[in-house]
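Residue strings, one per chain:
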2 protein chains.
Amino acid sequence: MAERSRRRQGQRTVSIRDVAEAAGVSVATVSRALSADSASFQIRPETRQHVLETSAALGYRPNDLARALLQQRTSVIGVIVPDIANPFYTGVVRGIEDVASEAGYRMVLCNTDREPDRLDKYLETLVSSRVDGVLIAGGAADTPLDVDVFTRYHTKVVVVGRHDVACPSVQLDNVAAGAAITAHLAGLGHRRIALIAGPGDSRTMRDRLEGYRSALRAHGLPQLDELIRRGELDEDSGYRAAGELSTMDVPPTGIVTLNDRMAVGALAALHDRGISVPQKVSVTGFDDVSFASYVRPKLTTVSVPTYRIGTTAAELLLSALRGEPDSDGGKRVVLPTEVVIRDSSAPPPA
Amino acid sequence: MAERSRRRQGQRTVSIRDVAEAAGVSVATVSRALSADSASFQIRPETRQHVLETSAALGYRPNDLARALLQQRTSVIGVIVPDIANPFYTGVVRGIEDVASEAGYRMVLCNTDREPDRLDKYLETLVSSRVDGVLIAGGAADTPLDVDVFTRYHTKVVVVGRHDVACPSVQLDNVAAGAAITAHLAGLGHRRIALIAGPGDSRTMRDRLEGYRSALRAHGLPQLDELIRRGELDEDSGYRAAGELSTMDVPPTGIVTLNDRMAVGALAALHDRGISVPQKVSVTGFDDVSFASYVRPKLTTVSVPTYRIGTTAAELLLSALRGEPDSDGGKRVVLPTEVVIRDSSAPPPA
DNA sequence: TTGTAAGCGTTATCAG
DNA sequence: CTGATAACGCTTACAA
């Protein structure tokens, strides 16, 4: 008895049996006293009170592992993102966490850094840790997702921004968004509109690029490969791409940038070359991150509801976890984007 | 036997017993075959091979909960930050995750939003989920941390940026940093140096403020309360504070801002009022986030090694988890900061 | 209202 | 080299 109390290195973690012994009741009674729902009935109030007190006195903390093992649910969800440092995903994650934690779920965050290997590794460990659900945001669309393992282990899956998988998803109409921002420039009279894109393996980037192309087509503008540059989604990429574009024989009068960080880089490059925005050339961003309206000129961009993407995705997952019908099929929620016109875009010079 | 295979809702998750039955061996043998270290010995290679194959055929995934329950370790660490959207913490978290995942640990991320209640709730659930260790970054220094629960449950704790707790920690010398950036301005000849601070309950912000004060003292400059403004760490705060400062009867010629986002806001405010930086007034930031060198003028700021803070903290935690001596006391690592002089600071106008 | 005991899926100990 | 079996800490029928 007393031997149980000290074993190994000093103190032992206190278990439900310790509480039971100390309170002079059975473990079942302790369990009942502590379980939230059977709060008032199924147990005598005084007993309950007594157990609560001894439990507190001993500093008892129930072991969720044991509970989860028994109940076959962990109350944990896994969240996989390409890069948490990307403001887009930061917003999404915040949204997810807020609704998940509200519903009593913990969140395991995984960064893939866009490496397929890391994605696979994370999927593996998430299954092993028996998370109740997984939220997969973004990532290379070329590496197909294998959701079979998850269904095998009753793990619900919701994806953000992928189209290639048969599970609930929340998406942006990135094609329309890319078209809209390009059309904004075309509508202002620009005829040479360049694009600073992101990595080609991302579905999001491909869609925005396609939107750009279709808008060009719709406005009867030629599609020139030399006007399309690839970037790495950071400021430096935008800086270099814009620098190159500005030294072309016939430079573009408009630059569509596929995220705000690259747009800020582009703005800096143009500034450094004495090319005024928007008088000489217009620049647009994408995402509408917090600093977009604090750079000068204020950035014309496309606002995307990152936080809402997160909350929506989490709600989709929660409803799947509740076993609600129709949550297994490919329920798709498409969230709206909006062109936000500020000061970095204007008609081209005469 | 066969009954075991389908119960409840369609398929059951496959367990080690299923593999054992299918392979015609005992569960112990399966366990041995799958355990990494006893790879080649203690078991006949053919047996091992056979088990591996049936395991793969059945799509078996070991249940980490059961393992954790038995071994008293989860291979999970909890990470608590005030706000993951803050670039500072994003960097820290990336650092943590990289070394943690390398060492085979998963990470549970918790956002407190600087609300003490949420912090408490998270600490509670982290103990219950029996994470092996907890990393606590930032947060209100006024609400003391109760580490006792953790030691009771053998949970190692490492803090980032707090001084009030007896466990390993990694810190920045924020006092020195605040003093250094202020001294930079003072050295340039500025005599009216304003401060745009952050929330007063953060230790980091208090230290930087103290550094500002001491630098003023060291340079024999008066400390004027009217020159100190509080912000919320976002662009808008900086914008408004700088706007107010610029309309004072005797406006400051230098503005020290306690993070880069507020500095960008300040730059915008000054720009909008036609006050040129750095000719009329100098502005400095703090943190050196990615866009700091892409705003114009480029921001003079203090670079802090966020990523390294994260890796260092994680390593501290890992060594504590390995039970290395001396990792329980208050081992403190102080990381260096550096004033990065760019274009937003210059001597005051004559 | 309370207690007893089975079992969740592993690993480790101890025999064979 | 392999097989029983006892834990790990908890919840939940079922009995008392």
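Because the structure is a prediction, the values reported are computed rather than measured. (Residues numbered from 1 in each chain as written. Chains lettered and ligands numbered in written order. Predicted model: local features only at pLDDT ≥ 70, side-chain atom pairs only at ≥ 80, totals over all residues. Heavy atoms only, no water.)

Colleague: What am I meant to see in the domain arrangement of chain A here?
Modeller: How big an interface is tends to be expressed through the accessible area that disappears when the partners come together. Residue and element names in this part refer to chain A. What the domain assignment lists for chain A is domain 1 (2–70), domain 2 (74–172 + 306–335) and domain 3 (174–304). Taking only C-alpha atoms, the centre of domain 2 and the centre of domain 3 are 30 Å apart. Taken together, the contact pairs 13 residues of domain 2 with 11 residues of domain 3. Taking both partners together, domain 2 and domain 3 bury about 1100 Å²; carbon and sulfur atoms supply 53% of that area. Where domain 2 meets domain 3, there are 0 salt bridges. Linking domain 2 to domain 3 there are 2 residue pairs in polar contact (both at pLDDT 80 or more). Residue composition of the side of domain 2 that touches domain 3, by class: 6 nonpolar, 5 polar and 2 charged. (Domains from an automatic or database assignment. Contact = heavy atoms within 4.5 Å. Buried area = accessible area lost by both parts, 1.4 Å probe. Salt bridge = Lys/Arg side-chain N within 4 Å of Asp/Glu carboxyl O. Polar contact = N/O pair within 3.5 Å; in protein donor to acceptor, adjacent residues only side chain to side chain. Nonpolar A, V, L, I, M, F, W, Y, C, P; charged D, E, K, R; others polar.)

Colleague: Whenever I open this one, the pattern of salt bridges confuses me. Can you help?
Modeller: Opposite charge on two side chains permits pairing when their charged atoms draw close. Summed over the entire model, instances satisfying the criterion amount to 36 salt bridges over all chains. For Arg 296 of chain B, the salt bridge goes to Asp 272 of chain A, with nearest N and O atoms at 2.8 Å. Linking Arg 296 of chain B in the loop between strand 9 (282–284) and strand 10 (301–303) with Asp 272 of chain A in helix 12 (residues 260–272), this pair reaches from one chain into another. Judged by its relative accessible area of 36%, Asp 272 of chain A falls in the partly exposed class. Across the pair Asp 288 of chain B and Arg 342 of chain B runs a salt bridge whose closest N-O atoms are separated by 2.5 Å. Linking Asp 288 of chain B in the loop between strand 9 and strand 10 with Arg 342 of chain B in the segment after strand 12 (338–340), this pair joins segments that are 54 residues apart in sequence. With relative accessibility at 26%, the residue Asp 288 of chain B sits in the partly exposed group. One connected set of salt bridges, linked through shared partners, spans Asp 83, Asp 113 and Arg 118 of chain A together with Arg 94, Glu 97 and Asp 98 of chain B. (Helix = DSSP H or I, 4+ residues; strand = E, 2+ residues; numbered from the N terminus. Buried < 20%, exposed > 50% of the residue type's maximum accessible area, 1.4 Å probe, protein only.)

Colleague: Would you mind going over the sheet that holds strand 9 (residues 282–284) of chain A with me for this structure?
Modeller: Adjacent strands of a sheet form backbone hydrogen bonds with each other and so pair up, either parallel or antiparallel. Residue and element names in this part refer to chain A. Strands sit in the order 7-6-8-9 across an open sheet of 4 strands; the sheet is parallel. The outermost strands of the open sheet, each flanked by one partner alone, are strand 7 (228–230) and strand 9. The sheet shows a mean angle of 15° between the axes of neighbouring strands, taken without regard to direction. Pairing of strand 6 (residues 193–197) with strand 7 involves 3 bridges; the strand directions are parallel. (Pairing = 2+ DSSP bridges. Axes fitted to C-alpha atoms, helices over the stretch in contact; angles between N-to-C directions.)

Colleague: Sorry, what's going on with the interface of chain A and chain B here?
Modeller: Opposite the 58 residues of chain A that make contact, chain B presents 58 residues. Between chain A and chain B, a total of about 5500 Å² is buried, with carbon and sulfur atoms accounting for 52% of that surface. Together, Arg 61, Leu 65 and Tyr 294 of chain A form the three largest contributors to the area buried by chain A at its contact with chain B, with a combined 14%. Between the two partners, chain A and chain B, sit 12 salt bridges. Here Asp 83 of chain A makes a salt bridge to Arg 94 of chain B, at a shortest N to O gap of 2.5 Å. One can count 34 residue pairs in polar contact (both at pLDDT 80 or more) joining chain A with chain B.

Colleague: Honestly, helix 5 (residues 64–71) of chain B in this entry has me stumped. Any pointers?
Modeller: In an α-helix, one full turn covers 3.6 residues, which means residues spaced three or four apart are oriented alike. Along helix 5 of chain B, the residues classified as buried are Asp 64, Leu 65 and Ala 68 of chain B. Buried residues in helix 5 of chain B, looked at end-on, bunch into an arc of 100°, giving them a common side. Packed against the buried residues of helix 5 of chain B are helix 5 (64–71) and helix 7 (116–128) of chain A together with strand 2 (106–111) of chain B. Its side-chain oxygen 2.8 Å from the backbone nitrogen of Leu 65 of chain B, Asn 63 of chain B forms the N-cap of helix 5 of chain B. (Arc of directions from axis to C-beta.)

Colleague: Explanation requested: the packing of helix 9 (residues 174–188) of chain B against helix 10 (residues 203–218) of chain B in the structure shown.
Modeller: Packed helices, taken two at a time, are described by the angle between their axes plus the distance between the axes. Residues and elements named next belong to chain B. At a closest axis distance of 6 Å, the pairing of helix 9 and helix 10 adopts a crossing angle of 45°. When the interaxial angle is binned, helix 9 and helix 10 end up oblique. Between helix 9 and helix 10 the crossing geometry is right-handed. Contact residues: helix 9 offers Asn 174, Val 175, Gly 178, Ala 179, Thr 182 and Ala 183, while helix 10 offers Thr 204, Asp 207, Arg 208, Glu 210, Gly 211, Tyr 212, Ser 214, Ala 215 and Leu 216. (Parallel < 35°, antiparallel > 145°, perpendicular 65-115°, else oblique. Left-handed = near helix turned anticlockwise from the far one by under 90°.)

Colleague: I would appreciate a short explanation of the protein's contact with DNA strand D in the present structure.
Modeller: Around DNA strand D, the structure places 26 residues, and the nearest of them are Ile 16, Tyr 60 and Leu 70 of chain A together with Thr 29 and Thr 47 of chain B. Among the atoms of DNA strand D close to the protein, meaning within 4 Å, 65% are from sugar or phosphate groups. Between DNA strand D and Asn 63 of chain A there is a distance of 2.9 Å, counted from a phosphate oxygen to a backbone nitrogen or oxygen. In this structure, Arg 67 of chain A approaches DNA strand D through a side-chain N or O atom, which is 2.8 Å from a phosphate oxygen. For the surface near DNA strand D, the secondary-structure elements that each account for two or more residues are helix 3 (27–34) and helix 5 of chain A together with helix 3 (27–34) and helix 5 of chain B. Element by element, the count of residues in the surface near DNA strand D is highest for helix 5 of chain A, at 4 residues. (Near = heavy atom within 4 Å.)

Colleague: Help me understand empty space enclosed by the protein, please; the structure alone is not making it clear to me.
Modeller: In this approach the atoms are scanned with a rolling probe the size of a water molecule, which exposes any empty space left behind. Applying the stated rule across the entire model yields 15 cavities of 30 Å³ or more. Put simply, the largest cavity is a space of about 290 Å³. Around the largest cavity sit 19 residues that line it, and Val 76 and Ser 129 of chain A together with Val 76, Arg 106 and Ser 129 of chain B are the ones nearest its centre. When contributions to the lining of the largest cavity are tallied by element, the ones reaching two or more residues are helix 5 and strand 2 (106–111) of chain A together with helix 5 and strand 2 of chain B. Split by residue class, the lining of the largest cavity holds 11 nonpolar, 4 polar and 4 charged. (1 Å grid on protein atoms, 1.4 Å probe; cavity = no way out; pocket = protein on both sides within 12 Å on 5 of 7 lines; lining within 4 Å. Points joined across faces, edges and corners; volume = space filled by probe spheres on them.)

Colleague: Would you mind showing me how to read a negative patch on the surface here?
Modeller: Residue and element names in this part refer to chain A. A surface patch of negative charge is lined by Glu 115, Asp 117, Asp 120, Asp 146 and Asp 148. Checked against the element boundaries, Asp 146 lands in the loop between strand 3 (133–137) and helix 8 (148–152). Here Asp 146 falls in the partly exposed class, since its relative accessible area comes to 43%. (Patch = residues over 30% accessible without salt bridge, like charges linked within 9 Å, V, L, I, M, F, W, Y side chains within 5 Å. Areas by Shrake-Rupley, 256 points an atom, 1.4 Å probe, with all protein chains shown as cover. Lys, Arg positive; Asp, Glu negative; His and termini not counted. Charge placed at Lys NZ, Arg CZ, Asp CG, Glu CD.)

Colleague: So what exactly am I meant to see when it comes to the side chain of Thr 90 of chain A here?
Modeller: In this fold, Thr 90 of chain A is placed in helix 6 (residues 87–102). Leaving out residues up to four positions away in the same chain, Thr 90 of chain A has contacts with Ile 84 and Ala 85 of chain A together with Ile 84 and Ala 85 of chain B.

Colleague: How should I be thinking about the relation of the copies chain A and chain B in this particular structure?
Modeller: For these two chain copies, the linking operation is a rotation about an axis paired with a shift along it. Its rotation angle being 180°, the transformation that places chain A on chain B also includes 0.0 Å of axial translation and leaves an RMSD of 0.1 Å. Here the copies are linked by what is in effect a two-fold axis. Proximity to the rotation axis, assessed at the C-alpha, singles out Val 108 of chain A in chain A; its C-alpha lies 2.2 Å from the axis. When the interface residues of chain A are mapped onto chain B, 100% of them are again interface residues, pointing to one common binding face. (Least-squares fit on C-alpha atoms with pLDDT ≥ 70 in both.)

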